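# Fold and contact review
These are the residues of each chain, in order.
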Amino acid sequence: MNVTPADSHTVIQVRGARANNLKNVSLDLPKRRLTVFTGVSGSGKSSLVFATIAAESQRLINETYTAFVQSYLPSVGRPDVDELRNLSAAIVVDQERMGANSRSTVGTATDAYTMLRIIFSRLGEPHIGTSGAFSFNVPEGMCPQCEGTGEISTVDVDQLLDRERSLNEGALTLPYHAVDSWGWQVVAHSGFLDADKKLTDYTAQEWADLLHKDPVKVKVGSNGFTYEGLISKMQRTWLAKDRDALQPHIRAFVERAVVFARCPLCEGTRLNRAALSSKIDGVTIAECSAMQIDDLADFVRSIEDTGTAPLLANLLDLLDSLTEIGLGYLSLDRPSGMLSGGEAQRVKMVRHLGSSITDVTYVFDEPTVGLHPHDIQRMNDLLLRLRDKGNTVLVVEHKPEVVAIADHVVDIGPGAGAAGGEVCYTGDVPGLRASGTLTGRHLGHRARLRERPRTPKGQVAIKGAGLHNLKDVSVDVPLGVLTVVTGVAGSGKSSLIHGHLAGRDGVVVADQSPIRGSRRSNPATYTGLLGPVRDAFAKANGVKAALFSANSEGACQKCNGLGLIYTDLAMMQGVATVCERCDGRRFTPEVLTYRLRGKDISEVLAMSIAEAYAFFPTGRPHAVLGRLHDVGLGYLRLGQPLNTLSGGERQRLKLAIHMAEKSSTYVLDEPTTGLHLADVDKLLALLDRLVDDGNSVVVIEHHQAVMAHADWIIDLGPGGGHDGGEVVFTGTPKELIESADTLTARHLRQYVGS
């Protein structure tokens, strides 16, 4: 066979990458191979893989579209890199939670429900029409009462108002309706209600006008406005939106005031009577959606019909892939927003496995998150399958089991933040082990079992737990020790702990869910650190503290304190550019003349937490920064936008804040997410410190180092979904290894023995 120039493009060439903390990184990555990127949290792995390689690939593809199409695409600036050669189209399979749209389910997100609808429209008896007749997202198929959401909402009126007061006395207790506010004025001056009359004395007509009146135009003096009953207005403005899209205080109010119940007409199936009347072998489409995916696969296998055979085969292939990737315990009717980050990533992955496209670059961010050691083997097989189809697979990962299967490894470090951003090693796995780098030294590192586990100081009893797949579980959670709750994905760990322990008094939960805030939010604002820092600047300079807020008087007027200018270019792509007036520093020139020990406010916000800890040697800032440092976030910058933090970083930030409270029980959900092997030891030391300070720590975790280090283990299983939901072991790690035969026991035995 002749060798042509096309065959010479065997590597992706990166030259001079400087995104975030990368220090002029140049390297070659083999194409059509599996490359794993390792390094401590904050070393620059994501800056290289996501912010440079994937971002430039997607930007170049976007540039091939017309200006009109580009105006609808997200704005992607060119990454700070001299040259990138031989890129192929990049597909990022990340852990971002799938949209919390209540109409999106596992079935709609994977197209499995679409295929099922077509099969029912052909084979269902009685025949009721096209596939649209089985869709809960279009009028012909949706339940008329809940409009296809499966639930109806009722408002607790006493959360909106105080019946014992008049409007003038502040009877309205819902947000934006305090006395004299615009919302209050619209109600009080509408002409329908007596503002001096106690609500308890209202007539039936006045109650109807206050709560349910349809929108009507009203004129007060020279102002015209629309009056609408409180509940009608709530339904339109707040309840019609996804709860996650609401502002935090509104969402908290809605969760208090609104009771969501299963729709009585469709019994939560979302479909109308006709759709629920049609059956295949006595089973409705709603019953198919509620089945576990592995059971649904068996049902689809049993359908014999030559006319729909190709479609049945495609659906079966998809369901089998979901089972193979460890998601067989899910059902198609599970709302997408209820999936964990790891589950969402695996659902997206299945869509690509069935794709006929090859020679693309797949980029994964810690694909083992949420996976028990038993499931990691399956994930490895999938990564290798994607590679073997002729794709380049780039994986950011910490688990040694994944590093072991790599064709090529790139280790970034040596430290985090400013101490990272360099290539410490590039080559094969045996070379990494021998390299003497931090990662190389820790690949074979094993946490040992405790010589003497701590003795519990009491217990919290969970009795008859039945949430999701839990089978009437009763278990005692010991107090004053480190308890690890483990089991395969879908075994019921989160249901048990978040559903039956988290709501109790004195229990603090630090999880990985997004921290809600604007692009102005950063570690300094979120931890309350900015207040004392502003006060220190104000005191040192004899001026008011508001000057040192980028959201207040001191903000650069051109960019309103953002440091960036967002420009909408109409037909072309919008762009974000650094503000020329303040040079991205966010403050006015006057504010930047004020100094605290030689530094201006923008220089302090640009410091890493570790630098700031040394800069503020006493007082409240020192205490807050110390806790952030203790949870391993020393490399974050004080002014770094919160929306750039990973799930693991968000959890550790929440943990640092909660450590200031005198709590008794901490619940952590996979705190090893995003942690390098070397940092796991630091996390274990932190957990020990929390316990030794008199707290109880309950950790949902798969990492074997954390299991080995525990005082007590609660193991759920034996499998996932309806094969799980039982406590299969409780006791010390030593007892688990010596006497149990659960999946966890087998893997921990191997871990401790190797």
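To start, this report covers the structure provided alongside it. (Residues numbered from 1 in each chain as written. Predicted model: local features only at pLDDT ≥ 70, side-chain atom pairs only at ≥ 80, totals over all residues. Heavy atoms only, no water.)

## A word on the sheet that holds strand β4 (residues 81–85)
If you trace the 3 strands from one edge of the open sheet to the other, you get β2-β1-β4, paired in antiparallel fashion. The outermost strands of the open sheet, each flanked by one partner alone, are β2 (25–30) and β4. The mean angle between the axes of side-by-side strands here comes to 5°, regardless of whether they run parallel or antiparallel. Here 5 bridges tie strand β1 (residues 11–17) to β2, and the two strands are oriented antiparallel to one another. The partner of Gln13 across the bridge, within β2, is Asp28. (Pairing = 2+ DSSP bridges. Helix = DSSP H or I, 4+ residues; strand = E, 2+ residues; numbered from the N terminus. Axes fitted to C-alpha atoms, helices over the stretch in contact; angles between N-to-C directions.)

## Quick word on the side chain of His177
Locating His177 in the fold gives a position in the loop between β6 (151–155) and α5 (182–188). At a separation of 2.9 Å, a polar atom in the side chain of His177 contacts the main-chain carbonyl oxygen of Pro175. In this structure, His177 is in contact with Leu172, Gly183, Trp184, Val187, Leu230 and Lys233, ignoring residues within four places of it in sequence. (Polar contact = N/O pair within 3.5 Å; in protein donor to acceptor, adjacent residues only side chain to side chain. Contact = heavy atoms within 4.5 Å.)

## Some remarks on the packing of aromatic side chains
When we look at a pair of aromatic rings, we describe it by the centre distance and by the angle of the planes. Applying the stated rule across the entire model yields 10 aromatic pairs. Ring geometry for Phe68 against Tyr72: centres 5.4 Å apart, planes inclined by 70°, an arrangement best described as edge-to-face. Centroid distance Phe615 to Phe616: 5.1 Å. Interplanar angle 90°. Geometry classified as edge-to-face. Of the two residues, Phe615 and Phe616, neither departs from the other in class, the shared state being buried. A network of ring pairs unites the aromatic residues Phe537, Phe548 and Tyr594 as a single cluster. Over the ring of Phe192 we find Lys213; its NZ or CZ atom is 4.7 Å from the centre of that ring. Sitting over the ring of Phe615, Arg597 keeps its end group 4.5 Å from the ring centre. (Phe/Tyr/Trp six-rings, centres within 6.5 Å; stacked < 30°, edge-to-face > 60°. Buried < 20%, exposed > 50% of the residue type's maximum accessible area, 1.4 Å probe, protein only. Lys NZ or Arg CZ within 6 Å of the ring centre and 35° of its normal.)

## Remarks on the layout of surface pockets
Quantified by volume, the second largest pocket comes out at close to 500 Å³. Lining the second largest pocket are 24 residues, and of these Pro400, Glu401, Arg446, Gln704 and Tyr751 sit closest to its centre. Take the lining of the second largest pocket: its biggest share by element is 4 residues, from helix α14 (residues 373–388). (1 Å grid on protein atoms, 1.4 Å probe; cavity = no way out; pocket = protein on both sides within 12 Å on 5 of 7 lines; lining within 4 Å. Points joined across faces, edges and corners; volume = space filled by probe spheres on them.)

## Considerations on unusual backbone geometry
A cis amide bond links Glu125 to the next residue, Pro126, at an omega of -5°. As for its position among the elements, Pro126 is in the loop between α4 (112–123) and β6. A cis amide bond, omega 0°, links Gly717 with the succeeding residue Pro718. The residue Pro718 is located in the loop between β24 (712–717) and β25 (726–731) in this model. One non-glycine residue with positive phi stands out, namely Asn86, at about 65°. Owing to a relative accessible area of 22%, Asn86 belongs among the partly exposed residues under this scheme. Phi at Glu366 is positive, roughly 45°, even though this residue is not glycine. Tracing the chain through its elements places Glu366 in the loop between β12 (361–365) and α14. Judged by relative accessible area, Glu366 falls into the buried class, the value being 9%.

## So, the pattern of salt bridges
All told, the structure shown has 35 salt bridges when counted by the stated rule. Across the pair Arg301 and Asp298 runs a salt bridge whose closest N-O atoms are separated by 3.1 Å. Taken as a pair, Arg301 and Asp298 lie in helix α11 (residues 293–302) at a separation of 3 residues, close to a single helical turn. Among the ionic pairs, Glu603 bridges to Arg595, the shortest N-O distance being 3.4 Å. The exposure class assigned to Arg595 is partly exposed, which follows from its relative accessible area of 39%. (Salt bridge = Lys/Arg side-chain N within 4 Å of Asp/Glu carboxyl O.)

## Some remarks on the side chain of Ser57
Examined against the element boundaries, Ser57 turns out to sit in helix α1 (residues 45–62). Of the residues examined, Ser57 reaches a relative accessible area of 3% and is grouped as buried. Among residues more than four places away in sequence, those in contact with Ser57 are Leu87, Ser88, Ala89 and Ala90.

## Considerations on the environment of Gly528
By the element assignment, Gly528 lies in the loop between α19 (523–526) and α20 (530–541). Considering only alpha carbons, one finds Gly528 and Val395, 133 residues apart in sequence, at a separation of 35 Å.

## Regarding the sheet that holds strand β5 (residues 90–93)
Strand pairing in a sheet takes place through backbone hydrogen bonds and is either antiparallel or parallel in direction. As summarised here, the arrangement of the 6 strands in space is β5-β12-β13-β3-β14-β15, forming an open sheet in which the pairing is mixed. Unpaired on one side and paired on the other, β5 and β15 (422–427) mark the two borders of the sheet. The average angle at which neighbouring strand axes cross in this sheet is 20°, direction not considered. Pairing of strand β3 (residues 34–38) with strand β13 (residues 392–396) involves 4 bridges; the strand directions are parallel. Bridge pairing in β13 links Leu34 to Val393.

The values reported here are purely geometric and, on their own, carry no functional implication.
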